[in-house]
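Structure at a glance
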Amino acid sequence: MTDVTPPAAHLRGAVDLSSLVNRPSNTAASTGDGAPGAAQTGGQPGLVFDGTDSNFAQFLDLSANVPVIVDLWAEWCAPCKQLSPVLEKLVGEYAGRFVLVKVDVDANPQLTQAFQAQSIPTVAAIIAGRPMALFQGALPEAQVRDVFEQVLQIAEQNGVTGRAQPAEDAGDGQPGEPDEGEPQPEPLPPHHQEAYDAIERGDFPAAIAAYRKAIAQNPRDDLAVAGLAQVSLLDRLQGKDPDAIRAAAAADPTALDAQLDVADLDLSGGHVEDAFGRLLDLFARLGAADRDPVRQRLLELFEVVGSDDPRVNAARARLAALLY
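Residues numbered from 1 in each chain as written. Predicted model: local features only at pLDDT ≥ 70, side-chain atom pairs only at ≥ 80, totals over all residues. Heavy atoms only, no water.

**Re the pattern of salt bridges**
Counted only if it meets this: Any Lys or Arg side-chain nitrogen located within 4 Å of an Asp or Glu carboxyl oxygen qualifies as a salt bridge. Helix and strand assignments follow DSSP, with helices taken as H or I runs no shorter than four residues and strands as E runs no shorter than two, numbered in order from the N terminus. Exposure classes here rest on a 1.4 Å probe applied to the protein chains alone. A residue is buried below 20% of its type maximum, exposed above 50%, and partly exposed in between.
A full pass over the atoms with the stated rule returns 16 salt bridges. Glu 93 is paired through a salt bridge with Arg 145; the nearest N and O atoms lie 3.1 Å apart. With Glu 93 in helix 2 (residues 78–93) and Arg 145 in helix 4 (residues 141–157), the pair connects residues that are 52 residues apart, well separated along the chain. Judged by relative accessible area, Arg 145 falls into the partly exposed class, the value being 29%. Of the charged contacts, one joins Arg 318 and Asp 281 as a salt bridge, the two residues approaching to 2.7 Å between their closest N and O atoms. On the criterion of sequence distance, the pair formed by Arg 318 in helix 12 (residues 310–323) and Asp 281 in helix 10 (residues 272–285) is long-range, its members being 37 residues apart. Judged by relative accessible area, which is 37%, Asp 281 ranks as partly exposed.

**Let's talk about the state of the cysteines**
Worth spelling out the cut-off: Cysteine sulfur atoms are paired as a disulfide whenever they fall within 2.5 Å.
Taken as a whole, this structure holds 1 disulfide when the rule is applied. Disulfide pairing is shown between Cys 77 and Cys 80; the S-S distance is 2.4 Å. Measuring the twist about the S-S bond at about 85°, one finds the Cys 77-Cys 80 disulfide to be right-handed. Judged by its relative accessible area of 3%, Cys 77 falls in the buried class.

**Topic: the pairing of strand 4 (residues 122–127)**
Cut-off, in case you're wondering: A pair of strands is labelled paired if DSSP reports no fewer than 2 bridges between them.
With 6 of 6 residues buried, strand 4 lies mostly within the body of the structure. Both faces of strand 4 are covered, namely the face carrying Thr 122, Ala 124 and Ile 126 and the face carrying Val 123, Ala 125 and Ile 127. Sheet topology places strand 2 (residues 68–73) next to strand 4; 5 bridges connect them, and they run antiparallel. Opposite Val 68, over in strand 4, you have Ile 126 as the bridge partner. Bridge count between strand 4 and strand 5 (residues 130–136): 6 bridges; the pairing is antiparallel. The partner of Thr 122 across the bridge, within strand 5, is Gln 136.

**Re the confidence of the model for the protein**
Put simply, the test is: Residue-level confidence of the predictor is summarised by pLDDT, bounded by 0 at the bottom and 100 at the top. Whether two residues are in contact is decided by their heavy atoms: any pair within 4.5 Å suffices.
Per-residue confidence for the protein gives a mean pLDDT of 79; residues scoring 70 or more make up 80%. Of the regions scoring below 50 in pLDDT, residues 1–43 engages in 113 contacts with residues more than four places distant in sequence or in other chains. Low pLDDT (under 50) marks residues 169–184, which in the prediction has 31 contacts with non-local residues, meaning those over four places away or in another chain.

**Some details on the sheet that holds strand 2**
Counted only if it meets this: Angles here are taken between N-to-C directions and fall from 0 to 180 degrees, while the axes themselves are lines fitted to C-alpha atoms, restricted in helices to the stretch in contact.
Ordered in space as 1-3-2-4-5, the 5 strands form an open sheet in which the pairing is mixed. Two strands close off the open sheet at either side, each with one partner strand: strand 1 (48–50) and strand 5. When the angles between neighbouring strand axes are averaged without regard to direction, this sheet yields 25°. Relative to the sheet, helix 2 contacts strand 1, strand 2, strand 3 (99–104), strand 4 and strand 5, its axis offset from that of strand 3 by approximately 160°.

**Focus: helix 4**
What counts here: Helices are assigned an expected span. That span is 1.5 Å times one less than the residue count. The directions considered for the arc are those from the helix axis to the C-beta atoms.
Over its 17 residues, helix 4 runs 25 Å from end to end, which matches the ideal 24 Å to within 8%, given 1.5 Å per residue. For helix 4, the full list of buried residues reads Val 144, Val 147, Phe 148, Val 151, Leu 152, Ile 154 and Ala 155. The buried residues of helix 4 occupy an angular sector of 165° when projected down its axis, which confines them to one face. Away from its buried face, by an angle of more than 90 degrees, helix 4 presents the exposed residues Ala 142, Glu 156 and Gln 157. Packed against the buried residues of helix 4 are strand 2, helix 2, strand 4 and strand 5.

**Brief notes about the side chain of Ser 84**
To be explicit about the condition: Think of a polar contact as two N or O atoms within 3.5 Å of one another; within protein, one of them needs to be a possible hydrogen donor and the other a possible acceptor, and neighboring residues in sequence only count if both atoms come from side chains.
You can see Ser 84 is positioned in helix 2. Using a relative accessible area of 9% as the deciding quantity, one classes Ser 84 as buried. Within the structure, the side chain of Ser 84 is placed 2.8 Å from the side chain of Asp 71, a separation counted as a polar contact. Ignoring any residue separated from it by four or fewer positions in sequence, one finds Ser 84 in contact with Asp 71 and Lys 102.

**Quick word on the environment of Arg 145**
Put simply, Arg 145 and Leu 87 are 58 residues apart on the chain and 8.9 Å apart in space, counted from C-alpha to C-alpha. Once residues within four sequence positions are removed from consideration, Arg 145 is found in contact with Lys 89, Leu 90, Glu 93 and Tyr 94.

**A word on the environment of Pro 190**
Inspection of the secondary structure puts Pro 190 in helix 5 (residues 190–201). In this structure Pro 190 comes out as exposed when scored by relative accessible area, which is 68%. Considered as a pair, Pro 190 and Ala 210 are 20 residues apart in the sequence and their alpha carbons are 8.9 Å apart.

Next comes the structure, spelled out in structure tokens:
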């Protein structure tokens, strides 16, 4: 069965951010028109690309304008050979409302891990820079079309309404240009753009500073608050060895910093309930004078996941019970 769960507003659900930690800055080539400089693969020119561990950040950028479908496949996989032509055919029929990125799992282990591809083919989408799981296995064309329609609805809810232009339709022969007839997303506010550019460079402190400027100008800027929480999480994990984090937390369950670190690590890998449960248990054990760092961390992680996520609501209720 197809598994497409619409995420919270602005796709602020918990996703696996671990592949972004210590990511090298984006140095992959780009075409002059801003389309990804990835090698073209088979299928509709300008709409189907090869994605790799080194160039994938460009497709995250592109997903701000047009939904990106990700096909994780392997040469030896028979179901992949059944599904890939269906995906390419539909992407062509939708005439630029999607871009398809094909990822060879054998050659790109980081992406395979990031998308948690337990079996292949695995198909995911990226909308406004955030990934969402779609389905695994080779579905019939009609079911894949239904999934595409749901992705379009979610993209529209998140302001992603652009259209990539197939190469043969482009007036200058350039792939991936937006169709002038389609409404384009509004430019990001200056501080948001500053933060976004800093994240792409891997400069998380600069992104944090930019989001703080945005919040200082407008304390009710919810997207800046969420962005600050997310990039702060990345900054805290950057340069740290996950195995060392877990070993330190296991060695001393009372060590505050070690428990905070492992909660960050859990949430970055999508283990939301584990992260919240660890911090709430720690909060319950601490005296009143020592609780504030844990409370603050919980509030930050609530922002990462999104306030309308039921796991956040449950954790917030438990925190309130512990406080009062």
